[in-house]
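Understanding the architecture of this molecule
In case you want the letters, here they are:
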Amino acid sequence: MLRILIIDESRARASELCAGLAMAGHQVAAALPSVLDYVPMHWGGRFMSGLGVIALTLPANDPVSHQPELKHVAVQVEKLATGWQLVAMRRDDAGGLHAALQPWLARFDHATLTLAGRESTVAVLRAWGGADSPPPSPELLAELAAAMGLDSPQILAFNDARRGVAKRALIEEDRLAGALLCKETRATDWLLDLVVRGGSTAELRKWLFAPLATPPAAGPARGRIVCNCFDVSENEIRADLAAGLDLAALQANRKCGTNCDSCLPELRRMVTELPALAPQAG
Ligand code: FES
(Lines give C-alpha, C1' and ligand atoms only; values in the text may rest on other atoms or scores of the structure.)
Protein backbone atom coordinates (compact mmCIF):
# COMPACT_ATOMS: atom_id res chain seq x y z
CA MET A 1 0.00 0.00 0.00
CA LEU A 2 1.24 3.46 -0.81
CA ARG A 3 -0.27 6.13 1.39
CA ILE A 4 -0.57 9.35 -0.52
CA LEU A 5 -2.19 12.74 -0.21
CA ILE A 6 -4.74 13.22 -2.93
CA ILE A 7 -4.97 16.82 -4.08
CA ASP A 8 -7.87 16.09 -6.40
CA GLU A 9 -9.09 13.25 -8.52
CA SER A 10 -7.09 14.32 -11.52
CA ARG A 11 -4.17 12.28 -12.63
CA ALA A 12 -1.38 12.85 -10.19
CA ARG A 13 2.38 12.55 -10.19
CA ALA A 14 4.10 11.27 -7.10
CA SER A 15 7.62 12.40 -6.30
CA GLU A 16 9.72 10.84 -3.62
CA LEU A 17 10.46 12.92 -0.54
CA CYS A 18 12.26 10.30 1.43
CA ALA A 19 12.43 6.57 1.47
CA GLY A 20 13.50 4.11 4.04
CA LEU A 21 12.25 1.58 6.43
CA ALA A 22 13.55 3.84 9.22
CA MET A 23 10.38 5.88 8.81
CA ALA A 24 7.95 3.81 10.80
CA GLY A 25 4.34 3.56 9.81
CA HIS A 26 3.05 5.75 12.63
CA GLN A 27 5.52 8.49 11.69
CA VAL A 28 4.26 8.44 8.14
CA ALA A 29 0.72 8.62 9.45
CA ALA A 30 1.61 11.64 11.57
CA ALA A 31 3.25 13.39 8.65
CA LEU A 32 0.41 12.99 6.19
CA PRO A 33 -3.28 13.79 6.39
CA SER A 34 -5.49 10.77 6.88
CA VAL A 35 -6.29 10.33 3.24
CA LEU A 36 -5.62 7.00 1.62
CA ASP A 37 -5.48 5.90 -1.93
CA TYR A 38 -4.21 2.73 -3.53
CA VAL A 39 -2.10 2.49 -6.59
CA PRO A 40 -1.06 -0.60 -8.53
CA MET A 41 2.46 -1.72 -7.61
CA HIS A 42 2.88 -4.78 -9.79
CA TRP A 43 2.26 -3.44 -13.23
CA GLY A 44 5.11 -4.31 -15.57
CA GLY A 45 5.97 -3.42 -19.12
CA ARG A 46 2.98 -5.36 -20.48
CA PHE A 47 0.61 -2.90 -18.86
CA MET A 48 2.28 0.50 -18.74
CA SER A 49 5.13 2.57 -20.05
CA GLY A 50 7.78 3.63 -17.54
CA LEU A 51 8.65 1.98 -14.24
CA GLY A 52 5.45 2.76 -12.39
CA VAL A 53 5.07 3.47 -8.70
CA ILE A 54 7.44 0.66 -7.79
CA ALA A 55 10.29 2.96 -8.90
CA LEU A 56 9.58 5.19 -5.90
CA THR A 57 10.19 2.47 -3.36
CA LEU A 58 13.11 0.45 -2.13
CA PRO A 59 14.72 -1.98 -4.55
CA ALA A 60 15.62 -4.40 -1.73
CA ASN A 61 14.71 -8.08 -1.96
CA ASP A 62 14.87 -10.76 0.69
CA PRO A 63 18.23 -12.50 0.04
CA VAL A 64 16.79 -15.97 0.60
CA SER A 65 13.30 -15.94 -0.85
CA HIS A 66 13.96 -13.06 -3.28
CA GLN A 67 10.59 -11.67 -2.38
CA PRO A 68 10.46 -7.86 -2.61
CA GLU A 69 11.02 -6.04 0.66
CA LEU A 70 7.96 -4.41 2.18
CA LYS A 71 7.51 -1.06 0.50
CA HIS A 72 7.61 2.02 2.71
CA VAL A 73 7.97 5.44 1.20
CA ALA A 74 6.79 8.97 1.80
CA VAL A 75 5.75 10.88 -1.27
CA GLN A 76 4.43 14.21 -2.28
CA VAL A 77 1.68 14.14 -4.86
CA GLU A 78 1.07 16.97 -7.22
CA LYS A 79 -1.28 17.35 -10.12
CA LEU A 80 0.26 16.36 -13.44
CA ALA A 81 -0.25 19.15 -15.92
CA THR A 82 -1.49 17.15 -18.86
CA GLY A 83 -1.72 18.76 -22.25
CA TRP A 84 -3.79 15.98 -23.79
CA GLN A 85 -5.29 12.59 -23.11
CA LEU A 86 -6.03 9.69 -25.38
CA VAL A 87 -8.29 6.70 -24.71
CA ALA A 88 -8.81 3.89 -27.20
CA MET A 89 -10.95 0.83 -26.44
CA ARG A 90 -11.88 -2.18 -28.53
CA ARG A 91 -13.72 -5.42 -27.92
CA ASP A 92 -11.30 -8.29 -28.27
CA ASP A 93 -13.56 -11.30 -28.76
CA ALA A 94 -10.91 -13.26 -30.64
CA GLY A 95 -8.18 -12.49 -28.09
CA GLY A 96 -4.67 -11.29 -28.81
CA LEU A 97 -5.32 -7.55 -29.08
CA HIS A 98 -3.78 -6.77 -25.70
CA ALA A 99 -0.54 -8.49 -26.68
CA ALA A 100 -0.56 -6.90 -30.13
CA LEU A 101 -0.89 -3.42 -28.63
CA GLN A 102 1.95 -3.71 -26.12
CA PRO A 103 4.54 -2.09 -28.45
CA TRP A 104 2.31 1.00 -28.43
CA LEU A 105 3.16 1.68 -24.80
CA ALA A 106 6.63 2.83 -25.85
CA ARG A 107 5.12 5.34 -28.29
CA PHE A 108 3.92 7.59 -25.44
CA ASP A 109 5.59 9.15 -22.39
CA HIS A 110 2.75 7.99 -20.14
CA ALA A 111 0.52 5.12 -21.14
CA THR A 112 -1.32 2.12 -19.75
CA LEU A 113 -2.78 -0.91 -21.46
CA THR A 114 -5.42 -2.81 -19.53
CA LEU A 115 -8.30 -5.20 -20.01
CA ALA A 116 -11.88 -4.46 -18.99
CA GLY A 117 -14.93 -6.68 -18.74
CA ARG A 118 -15.50 -10.24 -17.69
CA GLU A 119 -17.94 -11.87 -20.08
CA SER A 120 -16.41 -9.94 -22.95
CA THR A 121 -12.86 -8.66 -23.03
CA VAL A 122 -12.09 -5.10 -23.98
CA ALA A 123 -8.55 -3.83 -24.53
CA VAL A 124 -8.10 -0.26 -23.26
CA LEU A 125 -5.11 1.91 -24.15
CA ARG A 126 -4.77 5.23 -22.30
CA ALA A 127 -2.02 7.78 -22.93
CA TRP A 128 -1.23 11.23 -21.60
CA GLY A 129 1.08 13.98 -22.74
CA GLY A 130 2.59 16.79 -20.68
CA ALA A 131 1.59 20.42 -21.01
CA ASP A 132 4.36 21.03 -23.54
CA SER A 133 3.81 17.81 -25.42
CA PRO A 134 2.11 18.07 -28.83
CA PRO A 135 -1.02 15.94 -29.18
CA PRO A 136 -0.84 12.78 -31.27
CA SER A 137 -0.70 13.56 -34.97
CA PRO A 138 -3.54 12.52 -37.29
CA GLU A 139 -1.14 10.02 -38.83
CA LEU A 140 -0.41 8.40 -35.48
CA LEU A 141 -4.11 8.28 -34.61
CA ALA A 142 -4.85 6.65 -37.97
CA GLU A 143 -2.11 4.08 -37.36
CA LEU A 144 -3.48 3.32 -33.88
CA ALA A 145 -7.02 3.09 -35.21
CA ALA A 146 -5.88 0.59 -37.82
CA ALA A 147 -4.05 -1.45 -35.17
CA MET A 148 -7.26 -1.64 -33.13
CA GLY A 149 -9.66 -2.30 -35.98
CA LEU A 150 -11.18 1.15 -35.66
CA ASP A 151 -10.67 2.02 -39.31
CA SER A 152 -13.46 0.15 -41.08
CA PRO A 153 -15.66 1.99 -43.62
CA GLN A 154 -18.63 2.10 -41.21
CA ILE A 155 -16.65 3.91 -38.52
CA LEU A 156 -18.21 7.11 -37.15
CA ALA A 157 -15.65 9.90 -36.90
CA PHE A 158 -15.45 13.43 -35.56
CA ASN A 159 -12.45 15.70 -36.05
CA ASP A 160 -11.78 19.22 -34.83
CA ALA A 161 -8.31 19.89 -36.20
CA ARG A 162 -8.13 23.36 -34.66
CA ARG A 163 -8.55 22.00 -31.12
CA GLY A 164 -6.77 18.72 -31.81
CA VAL A 165 -9.92 16.77 -30.87
CA ALA A 166 -10.46 13.48 -32.68
CA LYS A 167 -13.08 10.81 -31.94
CA ARG A 168 -14.07 7.51 -33.50
CA ALA A 169 -16.77 5.00 -32.70
CA LEU A 170 -17.36 1.57 -34.21
CA ILE A 171 -20.90 0.21 -34.05
CA GLU A 172 -21.49 -3.41 -34.97
CA GLU A 173 -25.06 -4.76 -34.96
CA ASP A 174 -26.23 -1.80 -32.87
CA ARG A 175 -23.51 -2.45 -30.24
CA LEU A 176 -20.57 -0.17 -29.59
CA ALA A 177 -17.56 -2.35 -30.40
CA GLY A 178 -14.85 0.24 -29.89
CA ALA A 179 -14.07 3.91 -29.55
CA LEU A 180 -11.17 6.33 -29.65
CA LEU A 181 -11.16 9.71 -27.92
CA CYS A 182 -8.28 12.15 -28.22
CA LYS A 183 -7.97 15.42 -26.27
CA GLU A 184 -11.63 15.50 -25.12
CA THR A 185 -12.25 12.32 -23.11
CA ARG A 186 -15.09 13.09 -20.65
CA ALA A 187 -17.26 10.25 -21.96
CA THR A 188 -14.62 7.57 -21.36
CA ASP A 189 -16.29 5.78 -18.43
CA TRP A 190 -19.76 5.39 -19.87
CA LEU A 191 -18.49 4.56 -23.35
CA LEU A 192 -16.29 1.85 -21.86
CA ASP A 193 -19.23 0.60 -19.83
CA LEU A 194 -21.30 0.47 -23.01
CA VAL A 195 -18.60 -1.50 -24.86
CA VAL A 196 -18.19 -3.95 -21.95
CA ARG A 197 -21.94 -4.52 -21.52
CA GLY A 198 -22.64 -4.71 -25.21
CA GLY A 199 -25.56 -2.36 -24.62
CA SER A 200 -27.70 -1.00 -27.43
CA THR A 201 -26.61 2.30 -28.94
CA ALA A 202 -30.10 3.04 -30.28
CA GLU A 203 -30.77 5.90 -27.86
CA LEU A 204 -27.16 6.94 -27.42
CA ARG A 205 -25.88 7.10 -30.97
CA LYS A 206 -26.24 10.86 -31.33
CA TRP A 207 -24.46 11.41 -27.99
CA LEU A 208 -21.39 9.23 -28.59
CA PHE A 209 -19.16 12.21 -29.38
CA ALA A 210 -20.69 14.65 -26.91
CA PRO A 211 -18.38 15.97 -24.15
CA LEU A 212 -20.56 14.39 -21.46
CA ALA A 213 -19.25 12.58 -18.39
CA THR A 214 -22.54 10.70 -17.97
CA PRO A 215 -24.85 9.26 -20.62
CA PRO A 216 -27.91 11.44 -21.25
CA ALA A 217 -30.25 8.50 -21.85
CA ALA A 218 -30.69 4.73 -21.51
CA GLY A 219 -30.39 4.51 -17.75
CA PRO A 220 -27.60 5.10 -15.26
CA ALA A 221 -24.04 4.05 -15.96
CA ARG A 222 -22.46 1.38 -13.78
CA GLY A 223 -19.66 3.77 -12.86
CA ARG A 224 -16.00 2.99 -12.31
CA ILE A 225 -15.07 -0.68 -11.98
CA VAL A 226 -13.72 -1.40 -8.48
CA CYS A 227 -13.25 -5.18 -8.71
CA ASN A 228 -11.74 -6.10 -12.03
CA CYS A 229 -11.65 -9.82 -11.25
CA PHE A 230 -15.45 -9.99 -11.06
CA ASP A 231 -16.37 -6.84 -12.98
CA VAL A 232 -18.13 -5.14 -10.06
CA SER A 233 -18.70 -1.42 -10.32
CA GLU A 234 -18.63 1.36 -7.76
CA ASN A 235 -22.35 2.07 -8.15
CA GLU A 236 -23.27 -1.60 -7.69
CA ILE A 237 -21.25 -1.69 -4.47
CA ARG A 238 -22.80 1.56 -3.28
CA ALA A 239 -26.29 0.19 -3.93
CA ASP A 240 -25.55 -3.02 -2.00
CA LEU A 241 -24.12 -1.13 0.95
CA ALA A 242 -27.04 1.26 0.98
CA ALA A 243 -29.34 -1.79 1.07
CA GLY A 244 -27.66 -2.92 4.28
CA LEU A 245 -25.09 -5.46 3.12
CA ASP A 246 -21.83 -5.63 5.05
CA LEU A 247 -18.51 -6.61 3.52
CA ALA A 248 -19.06 -10.35 3.96
CA ALA A 249 -22.52 -10.17 2.39
CA LEU A 250 -21.20 -8.01 -0.41
CA GLN A 251 -18.50 -10.57 -1.15
CA ALA A 252 -21.01 -13.41 -1.05
CA ASN A 253 -23.37 -11.51 -3.33
CA ARG A 254 -20.97 -10.30 -5.98
CA LYS A 255 -17.72 -12.19 -5.25
CA CYS A 256 -15.78 -8.89 -5.29
CA GLY A 257 -12.62 -9.04 -3.21
CA THR A 258 -12.52 -12.84 -3.17
CA ASN A 259 -9.86 -13.54 -5.76
CA CYS A 260 -6.69 -11.43 -6.02
CA ASP A 261 -7.72 -9.15 -3.11
CA SER A 262 -6.45 -6.04 -4.93
CA CYS A 263 -9.79 -4.33 -4.45
CA LEU A 264 -10.19 -5.29 -0.78
CA PRO A 265 -8.68 -2.06 0.64
CA GLU A 266 -11.10 0.01 -1.40
CA LEU A 267 -14.03 -2.22 -0.47
CA ARG A 268 -13.15 -1.81 3.21
CA ARG A 269 -12.90 1.94 2.75
CA MET A 270 -16.31 2.07 1.10
CA VAL A 271 -17.80 0.02 3.95
CA THR A 272 -16.38 2.40 6.57
CA GLU A 273 -17.74 5.36 4.61
CA LEU A 274 -21.17 3.74 4.44
CA PRO A 275 -23.17 6.66 5.91
CA ALA A 276 -21.91 8.96 3.19
CA LEU A 277 -22.40 6.48 0.39
CA ALA A 278 -25.30 6.36 -1.95
CA PRO A 279 -25.52 5.23 -5.55
CA GLN A 280 -24.38 8.06 -7.79
CA ALA A 281 -26.78 9.25 -10.44
CA GLY A 282 -25.73 8.14 -13.88
S1 FES B 1 -9.88 -7.03 -8.19
FE2 FES B 1 -11.35 -7.71 -6.78
S3 FES B 1 -10.75 -9.72 -6.26
FE4 FES B 1 -9.33 -9.12 -7.78
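Quick caveat: nothing in here was measured; it's all calculated off a predicted structure.

**Remarks on helix α3 (residues 138-147)**
- Within α3, the full set of buried residues consists of L141, L144 and A145. Viewed along the axis of α3, the buried residues span an arc of 100°, placing them on a single side of the element. Along α3, the residues that are exposed and aim more than 90 degrees away from the buried face are E139 and A146.
- Along its buried surface, α3 packs onto β3 (82-91), β7 (165-172) and β8 (175-182).
- Looking one or two residues past α3, G149 carries a phi angle of roughly 70°, positive in sign.

**With respect to the confidence of the model for the protein chain**
- Looking at the protein chain as a whole, its pLDDT mean stands at 79, while 77% of the residues score no less than 70.
- In this model residues 1-32 is a low-confidence stretch, pLDDT under 50, and it forms 57 contacts with partners more than four residues away in sequence or in other chains.

**Some remarks on the sheet that holds β8**
- If you walk across this open sheet you meet the 6 strands as β4-β5-β3-β8-β7-β6, and the pairing is antiparallel. Each having just a single partner strand, β4 (110-116) and β6 (156-160) make up the two edges of the open sheet. Shown here is a sheet whose adjacent strand axes are inclined to one another by a mean of 10°, direction ignored.
- Pairing between β4 and strand β5 (residues 122-130): 7 bridges, direction antiparallel. Of the residues in β5, the one forming a bridge with L113 is L125.
- Strands β3, β4, β5 and β8 of the sheet are contacted by helix α4 (residues 188-197), whose axis makes an angle of about 155° with β8.

Criteria and cut-off values
Here the residue numbering is sequential within each chain, running from 1 through the sequence in written order. Totals for whole chains, interfaces and linings use every residue, but because this is a predicted model, local features are given only for residues with pLDDT of at least 70 and side-chain atom pairs only at 80 or more, for both listing and counting. Here a residue counts as buried when 20 or more other C-beta atoms fall within 10 Å of its C-beta, as exposed when 12 or fewer do, and as partly exposed in between; the C-beta atoms come from the backbone. Strands here mean DSSP runs of E at least two residues long; helices mean DSSP runs of H or I at least four residues long; both are numbered from the N terminus. Taken from the helix axis, the directions to the C-beta atoms give the arc we talk about. Once C-beta atoms have been placed from the backbone, residue pairs whose C-beta atoms lie within 7 Å are recorded as contacts. The quantity known as pLDDT measures the predictor's confidence residue by residue, on a range of 0 to 100. Here the rule is simple: two strands pair whenever DSSP picks up at least two bridges between them. Lines fitted to C-alpha atoms define the axes here, with helix axes fitted over just the stretch in contact, and angles between the N-to-C directions of these axes take values from 0 to 180 degrees.

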